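# Commentary on secondary and tertiary structure
Listed here are the chains, written in short residue letters.
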Amino acid sequence: MKHKIQRYIQGTFNTYGCNLDCSYCYLKLKGLSNIGRCFPYTPEHIAKAMSVKRWGTCYISLTGDGETLLSEEVVDLAQLLLREGHYINIINNGTQTHSLKAMCERFDSDCISRTMLTFSLHYHELRRRSLLDLFFANIRMMRDKGFTVYIHMVLCDDYFPDCEEIKKRCMDEVGILPQLGMIRNEASRDDERRITQYTQEEYYRIGDRFHSPYFEMQKRLYEENCAGEYCYAGRLGVLLNFTTGIMRQCVANDRPIQVFEDIGSGGLGCEIRIFGVM
């Protein structure tokens, strides 16, 4: 039985690394490396901590600091969260066939109906490593199984000469164009400039060739000044590190809350309400 989504959770966790080496990787920009276990807490403990009783029904986006599906622990966790009643989005680079096949084999039709797979198109790296055929084959496999699929591509300067090639390949392979994301400075929360050698007008003009609603939304939000307006971050959405159990209101918030300990104390309403700020 499906329930109304009450909260968005942007979930991250530490992975074992990545099998690609993209020039625009945000971990590189931050100077970070990928070390450590995905989940020091067991998937069963995390699922209990993420119960619908505590959180309400959530839309949970899972992405690793590296490639999300390198470890099948992510599949274990996603399955338990789905059984709890949540909706799941798994961001991945489309190359980890073993984990994708595990979802096909283990998720029932109800879980599949509440799972979205965001395939990150790292075009040059996939082409360089001769993985483009595998990337698109995996998208078709998951779509044919009934999963909702979505292709996302970071619009970096390196892709500008190949935009028409990328568009044609996507249309020929799966019949859809990728949604575009802006590449921005991730090294400092006080500096959110786009990382590009082009002017804003030039950058937007290239992006517009993909007819991406997500890109249009980013353009609109990037231009808005919301200073002084009420912020719903913390009430309707939070950031949650699934490795540490630390929840934050948003990237600018320095008041962490540990939510994977003392999980028998009831709902999270009181903790979340302190986040609603002007």
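Everything numeric in this text was worked out from a predicted model, so none of it was measured.

Definitions and limits used
- Residues numbered from 1 in each chain as written.
- Predicted model: local features only at pLDDT ≥ 70, side-chain atom pairs only at ≥ 80, totals over all residues.
- Heavy atoms only, no water.
- Buried < 20%, exposed > 50% of the residue type's maximum accessible area, 1.4 Å probe, protein only.
- Helix = DSSP H or I, 4+ residues; strand = E, 2+ residues; numbered from the N terminus.
- Pairing = 2+ DSSP bridges.
- Salt bridge = Lys/Arg side-chain N within 4 Å of Asp/Glu carboxyl O.

### Quick look at the pairing of strand E1 (residues 7-14)
In E1, alternate side chains face the same way, and those of Arg7, Ile9, Gly11 and Phe13 are buried while those of Tyr8, Gln10, Thr12 and Asn14 on the opposite face are not. Two elements, E1 and strand E2 (residues 58-65), share eight bridges in a ladder whose sense is parallel. The residue bridging Gly11 from the neighbouring strand is Leu62, located in E2. Pairing of E1 with strand E7 (residues 237-241) involves five bridges; the strand directions are parallel. Along E7, the bridge assignment pairs Tyr8 with Gly237.

### Thoughts on the pattern of salt bridges
Across all of its chains, the model carries 14 salt bridges by this definition. In this structure, Arg140 engages Glu173 in a salt bridge whose closest nitrogen and oxygen atoms are separated by 2.7 Å. Remark: Glu173 occurs in helix H9 (residues 163-174) and Arg140 occurs in helix H8 (residues 132-145); sequence separation between them is 33 residues. In this structure, Asp208 and Lys219 form a salt bridge, with 2.8 Å as the shortest nitrogen-oxygen distance. Highlighted residues: Asp208 in helix H10 (residues 200-208) and Lys219 in helix H11 (residues 213-223), separated in sequence by 11 residues. For Asp208, a relative accessible area of 31% gives the class partly exposed. With a relative accessible area of 13%, Lys219 lands in the buried category. When salt bridges that share partners are traced, they join Asp133, Arg140, Arg169 and Glu173 into one network.

Shape is all these values report; function is a separate question.
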